[in-house]
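Structural features, examined
Below, each chain spelled out in residue letters.
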Amino acid sequence: MKTNKDENTEEQILNAAKNVFQVKGMDGARMQEIADKAGINKAMLHYYYRSKQLLFEAVFKTAFSLLAPQLNTILNDDSSIEDKIRNFTSNYITFISKHPYLPNFIIQELNRNPDFILKMKNNLGFPNLEKFKKQVKTEVEKGILKPISAEQLFINILALNIFPFVARPLIMAFTNTNDKAYKQLIENRKTEVADFIINSIKNT
């Protein structure tokens, strides 16, 4: 059983690792730097996490475990597809604004270790699309939505929400925006993305 001291030390390690990974990336991060930032020695760090890979996975799981259940709840509630798109977009952008390193973490890890996400799929709360698929099919058949597959719709939602965070420097350069303007741009996307997708799929 973990003591309060163990839990506090582990939390210090995860926070330190998150900050280092965010700045240096997985490949550039060093265990010694993470230990220093956590205020512990390297031996203590290795006691909790034997390798940088295990530490990276722990940081990822901690953040993902906060987001995934929220998204899963939205996908599987009884609201309409339109409301699901609005709620999904708003929740995702709010969350990633607080954890901006997460999309790049996912992409880095998928490039390095494509099987990693398969392990995550077994975790409780990982988003399940089955109800979403049936609902899209039903709303298409009823004429509420234009013909579209649930898979394509979900990819569109993910792509439009994820890209601005992954390509932040590029977007800021193209749009000639500073940090404050970029944050407002992202805030506006909570409605802009939802409206864009809904207007493209909804029968008028």
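Residues numbered from 1 in each chain as written. Predicted model: local features only at pLDDT ≥ 70, side-chain atom pairs only at ≥ 80, totals over all residues. Heavy atoms only, no water.

In the nomenclature of an unreviewed UniProt entry, the protein corresponds to TetR/AcrR family transcriptional regulator from the organism Psychroserpens burtonensis.

**Observations regarding the packing of aromatic side chains**
Inspection of every chain in the model, using the stated rule, returns five aromatic pairs. For the pair Phe-88 and Phe-154, a centre-to-centre distance of 5.8 Å together with 80° between the ring planes defines the contact as edge-to-face. Linking Phe-88 in helix H5 (residues 81–98) with Phe-154 in helix H9 (residues 150–166), this pair joins segments that are 66 residues apart in sequence. Taken individually, Phe-88 and Phe-154 each receive the classification buried, so the pair is uniform in this respect. Every member of this aromatic cluster is reached through a ring pair, and the members are Phe-88, Phe-132 and Phe-154. (Phe/Tyr/Trp six-rings, centres within 6.5 Å; stacked < 30°, edge-to-face > 60°. Helix = DSSP H or I, 4+ residues; strand = E, 2+ residues; numbered from the N terminus. Buried < 20%, exposed > 50% of the residue type's maximum accessible area, 1.4 Å probe, protein only.)

**Describing the pattern of salt bridges**
Using the criterion set out here, one finds 11 salt bridges in the structure. Among the ionic pairs, Glu-33 bridges to Lys-24, the shortest N-O distance being 3.0 Å. Salt-bridge contacts for Arg-168 lead to Asp-179; the nearest nitrogen and oxygen are separated by 2.8 Å. Here Arg-168 is found in helix H10 (residues 168–175), whereas its partner Asp-179 is found in helix H11 (residues 179–201), with 11 residues between them in sequence. Each member of the salt-bridge network shares a partner with another, and the members are Glu-82, Arg-86, Asp-195 and Lys-202. (Salt bridge = Lys/Arg side-chain N within 4 Å of Asp/Glu carboxyl O.)

**Focus: the nonpolar core**
Ranked by size, the top nonpolar core spans 56 residues in total, and within it Phe-21, Leu-55, Ile-85, Phe-132 and Leu-153 carry the most contacts. A total of 12 residues in this core trace back to one element, the largest contributor, which is helix H4 (residues 52–76). When residues are assigned to domains, this core turns out to be shared by domain 1 (1–50) and domain 2 (60–201), each giving three or more. Those residues in contact with Phe-21, other than ones at most four positions away along the chain, are Met-26, Ala-29, Ile-34, Lys-52, Leu-55, Phe-56, Val-59 and Phe-105. (Core = buried A, V, L, I, M, F, W, Y, C linked by side-chain atoms within 4.5 Å. Domains from an automatic or database assignment. Contact = heavy atoms within 4.5 Å.)

**Topic: the domain arrangement of the protein**
Under the domain assignment, the protein is made up of domain 1 (1–50) and domain 2 (60–201). Here the C-alpha centre of domain 2 lies 29 Å away from the C-alpha centre of domain 1. When domain 1 packs against domain 2, the two sides together hide about 560 Å² of surface, and 64% of this comes from carbon and sulfur. Three residues stand out in domain 1 for area buried against domain 2, namely Lys-18, Gln-22 and Met-26, and they jointly supply 64% of the buried area on that side. The tally of links between domain 1 and domain 2 comes to zero salt bridges. Our count for the contact surface shared by domain 1 and domain 2 stands at zero residue pairs in polar contact (both at pLDDT 80 or more). A class-by-class count of the residues in the side of domain 1 that touches domain 2 yields three nonpolar, two polar and two charged. (Buried area = accessible area lost by both parts, 1.4 Å probe. Polar contact = N/O pair within 3.5 Å; in protein donor to acceptor, adjacent residues only side chain to side chain. Nonpolar A, V, L, I, M, F, W, Y, C, P; charged D, E, K, R; others polar.)

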